[in-house]
Amino acid sequence: MLLRDHENWLLRCFDCGREYDREPVSSRCECGGVLELVLTDGFPRAGDFRSGRGVWGYSKALPVSDESKIVTINEGNTPLIMAENIRVSERTELFIKNEGQNPTGSFKDRGMTVAVTRAKEIGAKTLVCASTGNTSASASAYAARGGMKAVVLVPAGKIAGGKLVQAIVHGAKVIRVSGDFDRALELMMQEAKDREELYVVNSINPFRIEGQKTGAFEIFEQLGSKVPDYVILPVGNAGNISAYWKGFSELKRWGFTDKTPRMIGVQAAGASPLVQLFQSGKDRLVRWDNPETVASAIRIGNPVSWRKALDAVNASGGQLLSVTDEEILAAQRNLASREGIFVEPASAAPLAAIERLKDSLPRGSIVVAIATGSGLKDQGVVKVDSEKLPLISDARELEDYL
Ligand SMILES: *Cc1c(COP(=O)(O)O)cnc(C)c1O
Ligand SMILES: [Zn+2]
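Here the structure is a predicted model, which means the values were calculated and not measured. (Residues numbered from 1 in each chain as written. Chains lettered and ligands numbered in written order. Predicted model: local features only at pLDDT ≥ 70, side-chain atom pairs only at ≥ 80, totals over all residues. Heavy atoms only, no water.)

*Asks:* Now, about the overall build of the protein chain: what can you tell me, with residues and values included?
*Replies:* Scanning the protein chain for helices and strands turns up 12 helices and 13 strands. Its C-alpha atoms give the protein chain a radius of gyration of 21 Å, within 12% of the compact-globule value 21 Å for 402 residues. For the protein chain, the C-alpha atoms occupy an extent of roughly 70 × 45 × 45 Å along the three principal directions. The buried share of the protein chain, reckoned over its 402 residues, is 57%. In the protein chain, of all internal contacts separated by at least 6 residues, the share reaching a separation of at least 24 is 71%. As displayed, the protein chain has an accessible area near 17,100 Å², and 46% of this comes from carbon and sulfur atoms. Positive and negative charge centroids in the protein chain, built from 50 and 50 side chains respectively, lie 3 Å apart. (Helix = DSSP H or I, 4+ residues; strand = E, 2+ residues; numbered from the N terminus. Rg over C-alpha atoms; globule rule 2.2 N^0.38 Å. Buried < 20%, exposed > 50% of the residue type's maximum accessible area, 1.4 Å probe, protein only. Contact = heavy atoms within 4.5 Å. Areas by Shrake-Rupley, 256 points an atom, 1.4 Å probe, with all protein chains shown as cover. Lys, Arg positive; Asp, Glu negative; His and termini not counted. Charge placed at Lys NZ, Arg CZ, Asp CG, Glu CD.)

Here it is as structure tokens:
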């Protein structure tokens, strides 16, 4: 199906501006750039912006022409939780957008439901992706739901146990790649390039970005039609920061607000090519080989959407910064033990960044941290020696511990 059958939608290269009738098989422009979908007319209005809950409640803002093809397991509609025990500064309100409550436990589901719906529309049979874990978990679940096959490439020995289990239980073909995520993505793109039957669901897929932007719409509505001052999120391949920026920019373009938030992207110190680019003031990303961090979801040295991310940060007056693994793990503990929210390490990076930025955030700010994925997926990072826990066999022994 051609994109022009989708009334009012245009598919164009973010880098060179070239327009496409249908996404190329690799989802990539001939110039190597990243594509984006643009709604050119028929913008949503206050009265018809939302027709239901979750991602598809915003279908007026999504590129779908045949709603009977929608592949959904109720993604989105995640809670925005105000922090009660973690304080940033006087009068500053911190909110956690808990994306771990999506069907497969990460924000990836927001985009996957739209990309897999598109795959169904054009009759694709097999979804393919390279993944640090959550994309493969999500793609596998939506392939199952949509009656398609999924083939996922993961870096050997480097994927969190829970995420691997998800891909397997949903019935995907899981292939390990010797090397890191960037290598897996390269191999996948090489192979998918000339194979029409494969549909690429990495974050380079512009339909995924459209689904992910609904996180911004939800935050706006959950704050009572208000745009926060700061949105802080972890950055790996940089699709999500691009998606949130697109969502907030559209709210402004469509007349819902005249404000946009400052976008703050957080990378792990051992995988921070975008931070390096931002600080250098240069205009080309230098890829990192062998990125290393405990936050496996952002262990990426060659972010595909780096240009979009840099644009989001610069246009919004935001910034990119990195935090250490120690800071990430401390923030993960802090969030779990003080607010009751257990996130995976990548998702704790924004909290670690807030800890650093505390004194530079103006008082009275509204800050939203995106908790991108559930902590249950990557239990191995929490060191537990169960042998050291108290062991009892009768009620009297229990008294000693109460
Ligand atoms: C995918 C993922 C990220 C990184 O998102 P990008 O769009 O690649 O920048 C961060 N956290 C979690 C939990 C993820 O699954
Ligand atoms: Zn191009």
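*Asks:* Residues and numbers for the coordination of the zinc ion (ligand 2), please.
*Replies:* With distances of 2.2 to 2.3 Å, the protein atoms coordinating the zinc ion (ligand 2) are Cys13 (SG), Cys16 (SG), Cys29 (SG) and Cys31 (SG). The motif formed by the donor residues of the zinc ion (ligand 2), counted along the single chain, is C-x2-C-x12-C-x1-C. Separated by 13 residues along the polypeptide, Cys16 in the loop between β1 (9-13) and β2 (19-20) and Cys29 in the loop between β2 and β3 (35-39) bring together distant segments of the chain. Taking the relative accessible area as the measure of exposure, Cys16 reaches 43% and is therefore partly exposed. (Donors = N, O, S within 2.8 Å, 3.2 Å for Na, K, Ca; no water.)

*Asks:* Pulling in residues and values, what's your account of the packing of helix α8 (residues 273-280) against helix α9 (residues 306-316)?
*Replies:* α9 packs onto α8 with a crossing angle of 50° between their chain directions and a minimal axis gap of 11 Å. Comparing their axes, α9 and α8 come out oblique. Our pair here, α8 against α9, has a crossing hand that is right-handed. Contacts between α8 and α9 involve Leu274, Leu277 and Phe278 from the first element and Trp306, Ala309, Leu310, Val313 and Asn314 from the second. Of the residues that constitute the contact of α8 with α9, the class distribution is 7 nonpolar, 1 polar and no charged. (Axes fitted to C-alpha atoms, helices over the stretch in contact; angles between N-to-C directions. Parallel < 35°, antiparallel > 145°, perpendicular 65-115°, else oblique. Left-handed = near helix turned anticlockwise from the far one by under 90°. Nonpolar A, V, L, I, M, F, W, Y, C, P; charged D, E, K, R; others polar.)

*Asks:* An account of the environment of Ser316 is needed here, citing residue identities and associated values.
*Replies:* For Ser316, the location among the structural elements is in helix α9. Judged by its relative accessible area of 9%, Ser316 falls in the buried class. Taking C-alpha positions, Ser316 is 4.8 Å from Arg262, a pair spaced 54 residues apart along the chain. Apart from the residues lying within four places of it in its own chain, the contact partners of Ser316 are Trp245, Pro261, Arg262, Met263 and Asp311. A distance of 2.9 Å separates a polar side-chain atom of Ser316 from the backbone nitrogen of Met263. In terms of polar contacts, Ser316 uses its side chain to reach the backbone carbonyl oxygen of Val313, at 3.3 Å. (Polar contact = N/O pair within 3.5 Å; in protein donor to acceptor, adjacent residues only side chain to side chain.)

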